[in-house]
Amino acid sequence: MYRLSKTVHSLLMSSLGLPGMQQLLAQEAPEETIDYRYTHYDEEPLPLDKLADGDPRRYEIDSHQFRLVKNLNETWTLELGLLHEAMSGSSPWYVLPDPSGPLQVMSGATIRENRNQADLSFARRKNGYTHKTAIGYSIENDYEARYASYSGEKDSSDGLRTWSWGGSYSDDKLSPTDALNFGRIEHAVRDSLSGSLGMTQVVNRNAVIQSSISLTRQSGFLSDPYKQVWINNAVLNDSRPDRRVMFTWTTRLRHYMEHSRAALIMDYRFFRDDWEITAHTLEVAWRQPLGHDWEIAPSIRYYSQSAPDFYAPFYVELPQDGYWSSDYRLATFGALSYRLHIGFRQEKWSFSAGVEYYNSDESLALSGTTENTPGLVDFWRLTLALKLRL
Amino acid sequence: MGCPCEIQLYARSRYDALAAFVQAEAEVHRLDRKYSHYRDDSELQRIQKKAAQTGGVEVDHETAALLDYAQTQFEISGGLFDITTRALSALWHRVEELPNEQQIQTALKQTGWHRLDWDGQRLTAPVGLSLDLGGVVKEYAADRVAGILQTMGFESGYVDLGGDLHFIGPHPDGRRWQTGIWHPGGGKRAIASIEVRSGGLASSGDYERYSEIDGKRYGHIINPETGWPVSGLAGVSVLAPSCLVAGSVTTLAMLAGVDDGLSLLYESGLSWLAIHSDFRVEGTL
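Rules used in this analysis
- Residues numbered from 1 in each chain as written.
- Chains lettered and ligands numbered in written order.
- Predicted model: local features only at pLDDT ≥ 70, side-chain atom pairs only at ≥ 80, totals over all residues.
- Helix = DSSP H or I, 4+ residues; strand = E, 2+ residues; numbered from the N terminus.
- Buried ≥ 20, exposed ≤ 12 C-beta atoms within 10 Å, placed from the backbone.
- Contact = placed C-beta atoms within 7 Å.
- Axes fitted to C-alpha atoms, helices over the stretch in contact; angles between N-to-C directions.
- Parallel < 35°, antiparallel > 145°, perpendicular 65-115°, else oblique.
- Left-handed = near helix turned anticlockwise from the far one by under 90°.
- Pairing = 2+ DSSP bridges.
- Nonpolar A, V, L, I, M, F, W, Y, C, P; charged D, E, K, R; others polar.
- Core = buried A, V, L, I, M, F, W, Y, C linked by C-beta atoms within 7 Å.
- Expected span 1.5 Å × (residues − 1).
- Arc of directions from axis to C-beta.

(A) Representation of the overall build of chain A in the model. Counting its regular elements, chain A contains three helices and 21 strands. The buried share among the 390 residues of chain A stands at 20%. For chain A, the proportion of contacts with a sequence separation of at least 24, taken over those separated by at least 6, is 59%.

Here's what the structure looks like:
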């Protein structure tokens, strides 16, 4: 069964309002697929008027991702994912004060690095429940992560509501390169434990609302071993608290437009952690089918965050609490990203391409800031994906 | 439901199977009591009476969802698939001679979804116009029962409510269920045998309910524009994710006439089987 006609699609969508129907249709075994996805991520070079020293060329990442979804029988589904990522470029080190405004010092030499990742999951559907257990392993020359997760889903008896819950654990080891030459920590560990709870509710035959909360606790070495700070003419290693508790609340509204067969998708995400970072993300997407085979989906996303107390682009005095970081990713800033996705679908395969431009700036922050963060990044991302249905 | 019903299940024990049948039967009876137009005490009759009064009637969630679905059927079929054709069906129900033009015109005046006022919660209907959920409730019931059995943990089996089927899943060893499609010529023989793994299967054709006048068969599917039974395909079977949607597509294909019916099926993206009036079989099932 593939590419349902508009007639059948309308009937199916309309029938979802009936008690139990969504649950019944969701019990079908997932489609068996093989996916390949290529992503090219390209950060724009640092403007020369913001550069104090080092190489202005920033990260470029090429990633290749494979995914296999295979039903073992009526109830069990296996998923295997493989990822290879090649990274190159230079990264921001620390920020120097300057009469013209703070200037960014970048790493001099180009960093080249590879990351490989594999994950395997088993999902079981039974009695209206879906249970999924996954394990994964990721390795690069200075970082190793092992992780495991569980997630569950249960439909309510009327089929109009789905509950979901999950937990995950990750155990990471860091062994920064050139540790001795640069005075970096030689070995460090961090772990992360998180739990989530979510609900999906069918509002009417055209609208679905989804809401979830999650709590994550990280502990161990949470500083970035490659980042430094300028404190009154001295350059010290990045130093962040060794514990972090993060909370997120995500709400998604999907509204299906019967006449145009389009879908309006609105996402809002609230983030808060005990480092006192608050962030908001709002995304609006429009998915429009064009004829039988094509789909186009433009979207726009806005992001804003406020910096933790211990963040500063540079320091005049040594902070008494022992925490400091000039990592631009912790600064107060806002960002806008624009995306366009095009999909083409045939019976046995589908292809999609997406392009995204991301632009971040202090002036886009909701809270407003007078601080200058020269390291803020702008990037382009291109995604090509091919899916084969088995 | 006024038809032979059958459930086939692989269960761990006799007790599990019995518990399943009890629940299944209870659900079928619930829907039958609620939506039957043969029972004076059904919820549908109550709604019908109240809908004809000033201000109409507010309906429960399940009925609202069925009416929403009926509205979709009406809209996507350009008015052909109409649940208000009860007056017309009654006129053509097992008649022995053809109704005259005046009878047809009278019945047509008591027909038309567009004459209803349905806002998603409240229904107001003109006096004389009656709803016939027969074309959706049996299919919906097959889906409901399959859903209940699935929730109880059954993975292999099917539900058959008088030809409206929902297959929960194949035999435990993965074999598909074999089922026959009746020959429109009658005589309880199969014209085709098909294999189904899971999903809803519905069939429609003039071999189930028809009137024969002067050697010509008149089916039970009436065109609400002309007031006459349609003369299109002799039979259609469709396999869809749900029996409800399968049933709607079979009826739409029957209503549309041979050419439009076939192109609707070819474009549907579903698996289907169509039987021509000369008993030629065509399709993807």
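Next comes the rest of the account.
(B) Up close: the overall build of chain B. Broken down by element type, chain B carries eight helices and 14 strands. The buried share of chain B, taken over its 285 residues, is 46%. Of the contacts made within chain B by residues no fewer than 6 positions apart, 61% connect residues no fewer than 24 positions apart.

(C) Broad picture of the packing of helix α1 (residues 6-15) of chain A against helix α7 (residues 243-255) of chain B. Direction vectors running N to C along α1 of chain A and α7 of chain B enclose 140°, while the axes themselves pass 10 Å from each other. When the axis of α1 of chain A is compared with that of α7 of chain B, the two are oblique. Our pair here, α1 of chain A against α7 of chain B, has a crossing hand that is right-handed. In this structure, α1 of chain A contributes Thr 7, Val 8, Leu 11, Leu 12 and Ser 15 of chain A to the contact, and α7 of chain B contributes Leu 244, Val 245, Ser 248, Val 249 and Leu 252 of chain B.

(D) Layout of the sheet that holds strand β5 (residues 157-161) of chain B. Residues and elements named next belong to chain B. Pairing is antiparallel in the open sheet, where seven strands are placed in the order β1-β5-β6-β9-β12-β13-β14. Every other strand in the sheet has two partners, leaving β1 (5-9) and β14 (281-283) as the edge strands with one partner each. Neighbouring strand axes in the sheet, compared pairwise and without regard to direction, differ in orientation by 10° on average. With five bridges joining them, β1 and β5 adopt antiparallel strand pairing. The partner of Ile 7 across the bridge, within β5, is Val 159.

(E) Up close: unusual backbone geometry. Notably, Asp 178 of chain A is not glycine yet its phi reads approximately 50°, a positive angle. For Asp 178 of chain A, the location among the structural elements is in the loop between β10 (161-174) and α3 (179-182). Unlike most non-glycine residues, Phe 279 of chain B shows phi in positive territory, near 70°. Relative to the helices and strands, Phe 279 of chain B resides in the loop between β13 (271-275) and β14.

(F) Seen up close, the interface of chain B and chain A. Of the residues lining the interface, 31 residues belong to chain B; the matching set on chain A comes to 28 residues. Sorting the residues of the side of chain B that touches chain A by element identifies α3 (61-76), α6 (134-151), α7 and α8 (258-268) of chain B as the ones contributing at least two each. Considered class by class, the residues forming the side of chain B that touches chain A number 13 nonpolar, twelve polar and six charged.

(G) Region of interest: the nonpolar core. Among the nonpolar cores identified, the biggest contains 85 residues, and Val 159, Val 238, Ala 246, Val 249, Ala 253 and Ala 274 of chain B are the most heavily contacted of them. The element contributing the most residues to this core is α7 of chain B, with nine residues. Setting aside its immediate chain neighbours within four residues, Val 159 of chain B contacts Ile 7, Ala 24, Ala 142, Val 145, Ala 146, Leu 165 and His 166 of chain B. Core analysis: the second largest hydrophobic core is formed by ten residues, Leu 46, Trp 93, Val 95 and Met 106 of chain A among them.

(H) Seen up close, the pairing of strand β12 (residues 235-240) of chain B. All names here are of chain B. Within β12, six of the six residues are buried, leaving the element largely enclosed by the surrounding structure. Burial along β12 is two-sided: the residues Gly 235, Ser 237 and Leu 239 and Val 236, Val 238 and Ala 240 are all buried. As defined by bridge partners, strand β9 (residues 199-205) adjoins β12 across six bridges and the pair is classed as antiparallel. Note that in β12 the partner of Gly 205 across the bridge is Gly 235. Of the pairings in the sheet, the one linking β12 to β13 comprises five bridges and is antiparallel in character. Counted as the bridge partner of Val 238 is Trp 272 from β13.

(I) Representation of the sheet that holds strand β4 (residues 122-124) of chain B in the model. Residues and elements named next belong to chain B. Strand order in the open sheet made by the three strands is β2-β4-β3, with antiparallel pairing throughout. Two strands lie at the open edges of the sheet, namely β2 (57-58) and β3 (117-118), each paired on one side alone. In this sheet, β4 lies alongside β2 in antiparallel orientation, the contact comprising two bridges. Bridge assignment links Val 57 to a residue of β4, and that residue is Leu 123.

(J) Representation of α7 of chain B. With 13 residues, α7 of chain B should cover 18 Å at 1.5 Å per step; its first-to-last C-alpha distance of 18 Å lies within 8% of that length. The buried count for α7 of chain B comes to 13 of 13 residues, which makes it a mostly enclosed element.

(K) How the structure looks around the environment of Trp 230 of chain A. Residue and element names in this part refer to chain A. Here Trp 230 shows up in strand β13 (residues 228-231). Classification of Trp 230 by C-beta neighbours within 10 Å gives buried; the count is 23. A sequence separation of 84 residues divides Trp 230 from Phe 314, and the C-alpha atoms of the two residues are 5.1 Å apart.

(L) Representation of helix α1 (residues 14-35) of chain B in the model. Residue and element names in this part refer to chain B. Taking 1.5 Å of rise per residue, the 22 residues of α1 would be expected to cover 32 Å, and the 32 Å separating its terminal C-alpha atoms lies within 8% of that figure. Among all positions in α1, only Ala 20, Ala 24, Val 28, Leu 31 and Tyr 35 are buried. Buried residues of α1, seen end-on, are gathered within an arc of 65° and therefore sit on one face of the element. Facing away from the buried surface of α1 by more than 90 degrees, the exposed residues are Arg 14, Tyr 15, Leu 18, Val 22, Ala 26 and His 29. Of the surrounding elements, those touching the buried residues of α1 are β1, α2 (43-51), α6 and β5.

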